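# A closer look at the structure
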Amino acid sequence: MQIKSATFVASSDKLSQCPPGNKPEFAFIGRSNVGKSSLINMLVSQKGLAKTSSTPGKTQLINHFIINEWWFLVDLPGYGFAKVSRTEREKWKKRLDDYLLNRENLYCVFVLVDCRVEPQSNDLEMINWLGEHQIAMSILFTKSDKIKPRELDSIVEKWKETLLTSWDELPPIFTTSAEKIGGREEVLDFIEKYLK
Ligand code: GTP
Ligand code: MG
């Protein structure tokens, strides 16, 4: 799929403030610093569209970007960020859950996982929670440029084994690199199939 335009629309701190839910929407979630904002920029080939940082906790709001003038990509705040107070974290968790459960035009959630780490409990909790609520998801491994292909395969295998202990079927899985532009066509083709 060709990306002809990608433009920032709004930053919202909760579902009720989001732009009208009348367009197909794909959201990116995952631990802080996993590379959500970088991946969005890579997919749309615009370096500074979503704000990125080497310090975790950069994205704090629900950010909507409109793509090709008819569908949304959404950059979400990361979870598992240790420096945020517990009350703040709980408040955010509620808002995120509300968005994920009630955003009626949400077609699919991309759960981003750092390809260098074996299954982590907060990622598994998120994946299991989405599965229990029957929210369509896909798992994207990020930063694949940071490890050797063989190590990548073994971590992905480990993830599959872990997921199959709870689920009969695996969600679609892609490996990506924002740095080396890996997985771009695959993810965009996947989105295109949904849009059709
Ligand atoms: P929060 O907004 O804090 O939740 O983080 P995020 O998930 O949006 O991560 P972000 O895109 O800001 O990237 C975090 C750091 O990882 C930055 O320093 C990026 O340059 C780096 N990074 C992201 N993707 C990749 C990648 O594919 N390869 C490499 N080598 N670095 C990456
Ligand atoms: Mg971010």
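Residues numbered from 1 in each chain as written. Chains lettered and ligands numbered in written order. Predicted model: local features only at pLDDT ≥ 70, side-chain atom pairs only at ≥ 80, totals over all residues. Heavy atoms only, no water.

Bringing the site of ligand 1 into the picture now. The full set close to ligand 1 counts 22 residues, and Lys36, Ser38, Gly57, Asp145 and Ala178 are the nearest of them. Here an oxygen atom of ligand 1 and a backbone polar atom of Asn33 are 2.9 Å apart. Val34 places a polar main-chain atom, nitrogen or oxygen, 3.3 Å from an oxygen atom of ligand 1. In isolation ligand 1 offers 650 Å² of accessible surface; the protein chains occlude 88% of this area. (Near = heavy atom within 4 Å. Polar contact = N/O pair within 3.5 Å; in protein donor to acceptor, adjacent residues only side chain to side chain. Areas by Shrake-Rupley, 256 points an atom, 1.4 Å probe, with all protein chains shown as cover.)

The magnesium ion (ligand 2) binds to the protein through Ser37 (OG) and Thr59 (OG1), with metal-donor distances spanning 2.0 to 2.2 Å. A residue pair is termed long-range when its members are at least 10 positions apart, and Ser37 in helix α1 (residues 36-44) and Thr59 in the loop between α1 and β3 (62-67) qualify at 22 residues. The exposure classification of Ser37 matches that of Thr59, with both residues buried. (Donors = N, O, S within 2.8 Å, 3.2 Å for Na, K, Ca; no water. Helix = DSSP H or I, 4+ residues; strand = E, 2+ residues; numbered from the N terminus. Buried < 20%, exposed > 50% of the residue type's maximum accessible area, 1.4 Å probe, protein only.)

Let us now look at the layout of surface pockets. A volume near 680 Å³ is recorded for the largest pocket. Forming the walls of the largest pocket are 32 residues, and the residues nearest its centre are Gly35, Ser38, Leu39, Thr52 and Ala178. With six residues, α1 is the single largest residue contributor to the lining of the largest pocket. Residue composition of the lining of the largest pocket, by class: eight nonpolar, 16 polar and eight charged. Reported here for the second largest pocket is a volume of approximately 580 Å³. Taken together, 22 residues form the lining of the second largest pocket, with Gly78, Tyr79, Gly80, Arg89 and Lys93 sitting closest to its centre. Those elements giving two or more residues to the lining of the second largest pocket turn out to be α2 (86-102) and α3 (121-132). When residues in the lining of the second largest pocket are grouped by element, the largest group, eight residues, is from α2. Across the lining of the second largest pocket, the residue classes break down as eight nonpolar, seven polar and seven charged. (1 Å grid on protein atoms, 1.4 Å probe; cavity = no way out; pocket = protein on both sides within 12 Å on 5 of 7 lines; lining within 4 Å. Points joined across faces, edges and corners; volume = space filled by probe spheres on them. Nonpolar A, V, L, I, M, F, W, Y, C, P; charged D, E, K, R; others polar.)

For the coordinates displayed, the defined rule picks out 11 aromatic pairs. Taking the centre distance of 6.4 Å and the plane angle of 25 degrees together, the rings of Phe26 and Phe110 count as stacked. You can see Phe26 sitting in strand β2 (residues 25-30) and its partner Phe110 sitting in strand β5 (residues 106-114), a full 84 residues away along the chain. One aromatic cluster in this structure is built from Phe26, Phe28, Trp71, Tyr107, Phe110, Phe174, Phe190 and Tyr194. The ring of Trp129 has Lys93 lying over it, and the distance from NZ or CZ to the ring centre is 5.4 Å. (Phe/Tyr/Trp six-rings, centres within 6.5 Å; stacked < 30°, edge-to-face > 60°. Lys NZ or Arg CZ within 6 Å of the ring centre and 35° of its normal.)

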